[in-house]
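Residues per chain are reported as follows:
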Amino acid sequence: MTESAGRDGAPVRLQKVLAQAGVASRRASEEMIARGRVEVDGERVRKMGVKVDPATAVIRVDGTRIVLDDTLVYLALNKPRGVHTTMSDDLGRPCVGDLLAGRVDAGQRLFHVGRLDADTEGLLLVTNDGELAHRLMHPSYEVSKTYMATVVGVVSKGLGRQLRAGVELEDGPATVDHFSVLDIHDGRSLVKVVLHEGRKHIVRRLLAEVGHPVEGLVRTRFGGVALGDQRAGSFRKLNRQEVSDLYGAVGL
Ligand code: URA
């Protein structure tokens, strides 16, 4: 809590900040404060009249972090197969930037959180929140990602144990947090892999190393954000809970 200046040069009443962030009406926000549901910079606030600096305050309602900066954008994109994970491509190949052209043209400086191979489909987070993106890509925060892979061959019963124990790759060992077989059909297996690292081609290399080259790969989850049934090539805004979960996952 602070008496320092907000964006327009004045500290702003907490209930007004909550209302402007779309949490609830001013009246309902006052009630939330009175009920002890609101924290500012780690301290529960119950009294009225507290003013905050929206540019720096960390505000939580029921533990969920509220994003106060309305210029920040958080999107979930379903990257189609064949689309490159770049915002523009010198060779003119289809890229993620094409799918976001409307927003890029409108001046938003968006970037993708990590990469998917051109041949991989699925969930790619896109944001202009540099600090969050940086942390989500950093291995030390260990944000988990879920993939569905169609692999060549019928996977053996012991494969999950082997992958969880760790497999030696050319750039060091890799482990998975979870492995399960969803289907076996026509000499191919559909498997689910959850891991928290982001080395290049990690899922393809890992599965090839244990004798099951990947034919198709889809990322279905990144931390608390699920792809769901979003159409390939489309994007949607993350909801408040999803953004808050991402912040929480990287200690923001
Ligand atoms: N692992 C891969 O092999 N490829 C991806 O695109 C993502 C994870």
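Everything numeric here is computed off the predicted structure, so don't read it as measured data. (Residues numbered from 1 in each chain as written. Predicted model: local features only at pLDDT ≥ 70, side-chain atom pairs only at ≥ 80, totals over all residues. Heavy atoms only, no water.)

Student: Any details on the overall build of the protein? Residues and values, ideally.
Tutor: Broken down by element type, the protein carries eight helices and 17 strands. Dimensions of the protein, computed from C-alpha atoms along their principal axes, come out at roughly 65 × 40 × 30 Å. Looking at the protein as a whole, 42% of its 252 residues are labelled buried. The contacts in the protein between residues at least 6 apart in sequence include a share of 63% that link residues at least 24 apart. (Helix = DSSP H or I, 4+ residues; strand = E, 2+ residues; numbered from the N terminus. Buried < 20%, exposed > 50% of the residue type's maximum accessible area, 1.4 Å probe, protein only. Contact = heavy atoms within 4.5 Å.)

Student: Help me get a handle on the packing of aromatic side chains, residues and values and all.
Tutor: Per the stated rule, a full pass over the model turns up one aromatic pair. Centre to centre, the rings of Tyr74 and Tyr247 are 6.3 Å apart; their planes meet at 65°, and the pair counts as edge-to-face. Here Tyr74, found in strand β7 (residues 74-79), pairs with Tyr247, found in helix α8 (residues 240-249); they are 173 residues apart in sequence, far enough to count as distant. The buried category is assigned to Tyr74, whose relative accessible area is 8%. For Tyr247, a relative accessible area of 6% corresponds to the buried category. Stacked on the ring of Phe222, the Lys or Arg Lys145 has its end atom at 5.4 Å from the ring centre. (Phe/Tyr/Trp six-rings, centres within 6.5 Å; stacked < 30°, edge-to-face > 60°. Lys NZ or Arg CZ within 6 Å of the ring centre and 35° of its normal.)

Student: Before we move on, can you summarise the layout of surface pockets with the specific residues and values?
Tutor: In this model, the largest pocket occupies a volume close to 950 Å³. If you trace the largest pocket, you find 31 residues lining it, with Ala21, Val67, Leu68, Asp69 and Asp70 closest to the centre. Looking at the lining of the largest pocket, the elements with two or more residues in it are β1 (12-13), α1 (14-20), β6 (64-66), β7 and α8. Of the residues contributing to the lining of the largest pocket, the split by class is 18 nonpolar, four polar and nine charged. Counted as a void, the second largest pocket has a volume near 550 Å³. Counting only elements with at least two residues in the lining of the second largest pocket, the list comes to α5 (130-137), β10 (145-152), α7 (202-209) and β15 (214-222). (1 Å grid on protein atoms, 1.4 Å probe; cavity = no way out; pocket = protein on both sides within 12 Å on 5 of 7 lines; lining within 4 Å. Points joined across faces, edges and corners; volume = space filled by probe spheres on them. Nonpolar A, V, L, I, M, F, W, Y, C, P; charged D, E, K, R; others polar.)

Student: Tell me about the sheet that holds strand β5 (residues 59-61), and name the residues and values.
Tutor: Spatially, four strands are ordered β3-β2-β5-β6 in an open sheet, and the strand pairing comes out antiparallel. In this open sheet, the two edge strands, each paired with only one partner strand, are β3 (43-45) and β6. On average, each strand axis in the sheet is tilted by 40° relative to the strand beside it, whichever way the strands run. Pairing between β5 and β6: three bridges, direction antiparallel. Across the sheet, Arg60 pairs through a bridge with Arg65, a residue of β6. (Pairing = 2+ DSSP bridges. Axes fitted to C-alpha atoms, helices over the stretch in contact; angles between N-to-C directions.)

Student: Outline the site of the ligand, listing residues and values.
Tutor: All residues adjacent to the ligand are Leu116, Asp117, Thr120, Tyr147, His201, Ile202, Val203, Arg204 and Leu217. A majority-of-atoms criterion places the ligand in the second largest pocket. When residues in the shell around the ligand are grouped by element, the largest group, three residues, is from α7. For the shell around the ligand, a count of residues per class yields five nonpolar, two polar and two charged. (Near = heavy atom within 4 Å. Sits in = over half its atoms within 2 Å of the grid points.)

Student: Could you give an account of the nonpolar core, naming the residues involved and the relevant values?
Tutor: If you look at the biggest cluster of nonpolar residues, it comprises 31 residues, and the most contacted ones within it are Leu163, Phe179, Val191, Leu195, Leu206 and Leu207. Looking at this core, the elements with two or more residues in it are β7, β9 (120-127), β10, α6 (159-165), β11 (167-169), β14 (188-195), α7 and β15. Per-element accounting of this core gives the leading share, four residues, to α7. Non-local contacts of Leu163, meaning those with residues more than four positions away in its chain, are made with Ala174, Thr175, Val176, Phe179, Leu206, Leu207 and Val210. (Core = buried A, V, L, I, M, F, W, Y, C linked by side-chain atoms within 4.5 Å.)

Student: Explain the side chain of Ser234 to me, and be specific about the residues and the numbers.
Tutor: Within the secondary structure layout, Ser234 lies in the loop between β16 (225-226) and β17 (235-237). If we skip the residues at most four places from it in the chain, Ser234 touches Ala76, Leu77 and Asn78.

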